[in-house]
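# Descriptive structure summary
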Amino acid sequence: MMDKRWTLASGFILLLCVVEVLTADAAESPFPGPRGETLDLAAREDIWTRPAKGFLAEFVRVPRDQVVGFALYTHDRGVLKMSAQLYPLQPDEPREVRLELMTDGQWREVARAPVIYPGWSAHFRITPWDSSQSVPYRVRHGRDAVFEGLIRRDPVDKDTIIIGSLSCNSNRDRGDRDAIVSKLKEQDPDLLFFAGDQSYDHAEHTAAWLLWGHQFREVIKDRPVVTIPDDHDIGQGNVWGEGGIVADSTAGDSGGYFYPPEYIRMVDRCQTWHLPDPADPRRIEQGITVYFTRLRVGEVDFAILEDRKFKSGPKGKIPQMGPRPDHIREPGYDPKAIDLPGLQLLGERQMAFLRDWGQDWTGARIKAALSQTAFCGAVHMHGSKANRLLADLDCNGWPQTGRNNALRELRRALACHLCGDQHLAVVVQHGIEAFRDGPYGFTNPAIINSYYGRWWEPEDGQPGAHPIPGSPLAWTGDFLDGLYNRITMIAYANPTFADIKTMAAEQRNPEAELGDGYGLIRFNKKSQQITFECWPRYTDLAEGDKAQYPGWPVTFRVEDNDGRQVHGYLPELVIQGADDPVVQVIDESNGDILYTRRIQGNRFRPPVYAAGSYTVKVGNDRPDAWQRNGLAPAEADTPPVVVPLP
């Protein structure tokens, strides 16, 4: 395991981190300006000179042998990245941590890293990393403080890769998360995904982030974890990042970020530094960092997206049709009035990343996208059942053109979508040009659903067209959401209570049906099936699938993420020189990529969705080794096309 290049890599990271430390120390406050004066007070350097006031301020003052709170890691393509999170250090304590790995039965130090203030995080980048072996690790500070875990090998030999999906960790419950952690440890996911709102203490990210890590440390310590911040993590009620401009309030609807960029960078650094390197690391306005990237675990390839960072804010850009710029209450409005040219959703850079990611199948057999929120508005009531809202622009259903373009990229790669944010667990199949022609999406439930409840309940009380056969749920089928996007509702988990006050009072009641919990996703590479599971916080795993929310589990084929009606098939391809190659089909009339997929075996009849002439490309990991133009839909007995690959 030991390699001199580790020392070089760690030295480079040390240099970068020292620059960050010097930059922070150069300012009188770590967050300059009036908006930064009251940020992160519970975790400032000077907390030792003043008494602790409030839960978080007391929580962070731990015994000195416990100052290493937790660590997070991922590894991909020979690079291990790890972030260590520390509690606030005292003035006389060293600002350095050590990473040790267990090799040949002995602990060996492999790297050191500075502790960065503000945020109290430290970061390691180790290359080359052998992902075929599991390796115990420990992060140490001083003489006695230590956090131990296991860096798992990449489970490429497993048929089924399991992902835990969680979000929305309400600060109305400061207690443990043992009911969820114990189930996750038993179900043993290969990857954990926390989709955002790990913190609801807007001005106290570091202390709240440490509390989140304390609550989940027993399950995050020994598996790769994806954490991405959402609006509450960066201190706003909502966020439309608009490329990093300055927002005019914490409501965020003008676009941009309200708090100083130093605070936003700190949040991103603590929550996302351990992810694989950004696909396009150029910073946005105010020097705010980006993290959108890809991560492969067990040959499942995840595109990690930033829903919010480039998205246009609605205020002043579209007609206001409700009590606030992001809420619409006018029935029968023209959706084109809010889907205007120039409005951004994922932004050009992320769209370019998605386009390339969908065509690159290196190390991948199934693809999925991870992000903060859903590509639709699959909600009817907000905050209480008395508050019916037609449309909420704080979702990826708006702007609609951006939504459809993003879904087309996912569809081209047969990728489903996983997210959180909405405080209502749902499974939908998206429609783009028609109902059910797009990918599946799973919005996980809130970890603690006592902050902002939501409900799915059509105003007319009727199911949609073509409801799900045999479903125990009343309102499944084809619907237009409040933004006039096509969705097929497959499953939802409504709370049984009518208002958030009651839900908060019942949040520790195991018998209460709050719509809380977490999602579990099973990717079966062999059968090419995906299963969405939805588990209540206090459910009993011994009861099996009946312990899940009604309507779950939901199982579908990977190819169902492209639901377009097949017009015909091109001649069969017989591919020589490669097993399970990548096939791409392009519509020659407009240059549109219909799809790029890894097939099973070496024979494949490419489906197409209209008459016409098509180009087919084939390769091992990218469609770059063979090409044939002018192919058209053909009868089944048409002679096959032999594809020799080098």
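In the block above lies the structure referred to throughout.
Quick caveat, the model's predicted, so the values are computed rather than measured.

For the chain, the count of helices and strands is eight helices and 34 strands. Dimensions of the chain, computed from C-alpha atoms along their principal axes, come out at roughly 80 × 60 × 50 Å. The burial tally for the chain puts 61% of its 646 residues in the buried class. Long-range contacts, defined as pairs at least 24 residues apart, comprise 70% of the intrachain contacts of the chain with a sequence gap of at least 6. In the form shown here, the chain has an accessible surface area of approximately 23700 Å², with 50% of it arising from carbon and sulfur atoms. Here the chain carries 72 positive and 89 negative side-chain charges, and the mean point of each set is 2 Å from the other.

A contiguous nonpolar surface patch, about 270 Å² in accessible area, is contributed by F435, L480 and Y484. Mapped onto the elements, F435 comes out in the loop between β18 (426–431) and β19 (440–443).

Time to look at the packing of aromatic side chains. Overall, the coordinates contain 25 aromatic pairs when judged by the stated rule. A network of ring pairs unites the aromatic residues F70, F194, W209, W212 and F216 as a single cluster. Against the face of W273 rests K81, its NZ or CZ located 4.4 Å from the ring centre. Between the NZ or CZ atom of R597 and the centre of the ring of Y595, over which it lies, the distance is 4.1 Å.

Tallying each qualifying case throughout the model produces 58 salt bridges. Here E299 ties to R365 by a salt bridge, and the two come within 3.6 Å at their closest N and O atoms. Here E299, found in the loop between β11 (293–297) and β12 (300–304), pairs with R365, found in the loop between α6 (347–359) and β14 (366–370); they are 66 residues apart in sequence, far enough to count as distant. Given the relative accessible area of 21%, E299 is considered partly exposed. With relative accessibility at 29%, the residue R365 sits in the partly exposed group. Where R308 meets D394, a salt bridge forms, and the shortest distance between an N and an O atom there is 3.0 Å.

Further remarks concern empty space enclosed by the protein. Sizing a probe to match a water molecule and rolling it over the atoms shows the empty space that remains. Enumeration over the complete set of coordinates arrives at seven cavities of 30 Å³ or more. Size it by volume and the largest cavity reaches roughly 110 Å³. Around the largest cavity, the lining comprises 13 residues; the ones closest to its centre are P229, Y257, R308, K309 and Q372. Here the lining of the largest cavity is built from residues that sort into six nonpolar, one polar and six charged. Considering only enclosed or pocket space, the second largest cavity measures out at about 90 Å³ in volume. Around the second largest cavity sit 14 residues that line it, and G377, V379, H382, A391 and D392 are the ones nearest its centre. When its residues are assigned to classes, the lining of the second largest cavity shows seven nonpolar, four polar and three charged.

Turning next to the nonpolar core. Ranked by size, the top nonpolar core spans 95 residues in total, and within it Y137, F216 and I220 carry the most contacts. Broken down by element, the residue count for this core peaks at eight residues, all from helix α4 (residues 205–220). Look past the residues within four positions of I220 in its chain and what remains in contact with it is F70, A71, L72, L192, F194, W212, G213 and V225. Grouped together as the second largest cluster of nonpolar side chains are 52 residues, I163, L191, L414 and Y492 included.

Glancing now at the state of the cysteines. Working definition: the covalent bond between the sulfur atoms of two cysteines is a disulfide. Summed over the entire model, instances satisfying the criterion amount to zero disulfides. Here C395 is not cross-linked by a disulfide; its sulfur's nearest cysteine counterpart is in C376, at 6.8 Å. With relative accessibility at 1%, the residue C395 sits in the buried group. No disulfide involves C419; its sulfur sits 7.7 Å from that of C376, the nearest cysteine.

Our focus in this paragraph is unusual backbone geometry. With an omega of 5 degrees, the peptide bond running from Y117 to P118 counts as cis. Relative to the helices and strands, P118 is located in the loop between β4 (106–114) and β5 (121–126). Residue P553 follows W552 across a cis peptide bond; omega there is 0 degrees. Tracing the sequence through the fold places P553 in the loop between β24 (529–535) and β25 (554–557). Its identity as a non-glycine residue notwithstanding, D104 has a phi of 55 degrees, on the positive side. Despite not being glycine, C168 has its phi angle at roughly 65 degrees, a positive value. Tracing the sequence through the fold places C168 in the loop between β8 (160–166) and α3 (178–187). When its relative accessible area of 1% is taken as the criterion, C168 is described as buried.

Pairing in this open sheet of four strands is antiparallel, and the strands run β4-β3-β6-β7 from one edge to the other. Of all the strands in the sheet, just β4 and β7 (145–151) have a single pairing partner and so form its edges. Going across the sheet, the axis of each strand differs from the next one's by a mean of 25 degrees, ignoring polarity.

The description of two packed helices rests on the angle between their axes and on the distance between the axes. Contact pair α4 / helix α5 (residues 261–272): the axes reach a minimum separation of 11 Å and the direction vectors enclose 15 degrees. Comparing the axis directions of α4 and α5 gives the class roughly parallel. α5 is crossed by α4, and the crossing has right-handed handedness. Judged by residue contacts, H205, T206 and W209 of α4 engage Y263, M266, V267, C270 and Q271 from α5.

Rules and cut-offs
- Residues numbered from 1 in each chain as written.
- Predicted model: local features only at pLDDT ≥ 70, side-chain atom pairs only at ≥ 80, totals over all residues.
- Heavy atoms only, no water.
- Helix = DSSP H or I, 4+ residues; strand = E, 2+ residues; numbered from the N terminus.
- Buried < 20%, exposed > 50% of the residue type's maximum accessible area, 1.4 Å probe, protein only.
- Contact = heavy atoms within 4.5 Å.
- Areas by Shrake-Rupley, 256 points an atom, 1.4 Å probe, with all protein chains shown as cover.
- Lys, Arg positive; Asp, Glu negative; His and termini not counted.
- Charge placed at Lys NZ, Arg CZ, Asp CG, Glu CD.
- Patch = residues over 30% accessible without salt bridge, like charges linked within 9 Å, V, L, I, M, F, W, Y side chains within 5 Å.
- Salt bridge = Lys/Arg side-chain N within 4 Å of Asp/Glu carboxyl O.
- Phe/Tyr/Trp six-rings, centres within 6.5 Å; stacked < 30°, edge-to-face > 60°.
- Lys NZ or Arg CZ within 6 Å of the ring centre and 35° of its normal.
- 1 Å grid on protein atoms, 1.4 Å probe; cavity = no way out; pocket = protein on both sides within 12 Å on 5 of 7 lines; lining within 4 Å.
- Points joined across faces, edges and corners; volume = space filled by probe spheres on them.
- Nonpolar A, V, L, I, M, F, W, Y, C, P; charged D, E, K, R; others polar.
- Core = buried A, V, L, I, M, F, W, Y, C linked by side-chain atoms within 4.5 Å.
- Disulfide = S-S within 2.5 Å.
- Pairing = 2+ DSSP bridges.
- Axes fitted to C-alpha atoms, helices over the stretch in contact; angles between N-to-C directions.
- Parallel < 35°, antiparallel > 145°, perpendicular 65-115°, else oblique.
- Left-handed = near helix turned anticlockwise from the far one by under 90°.

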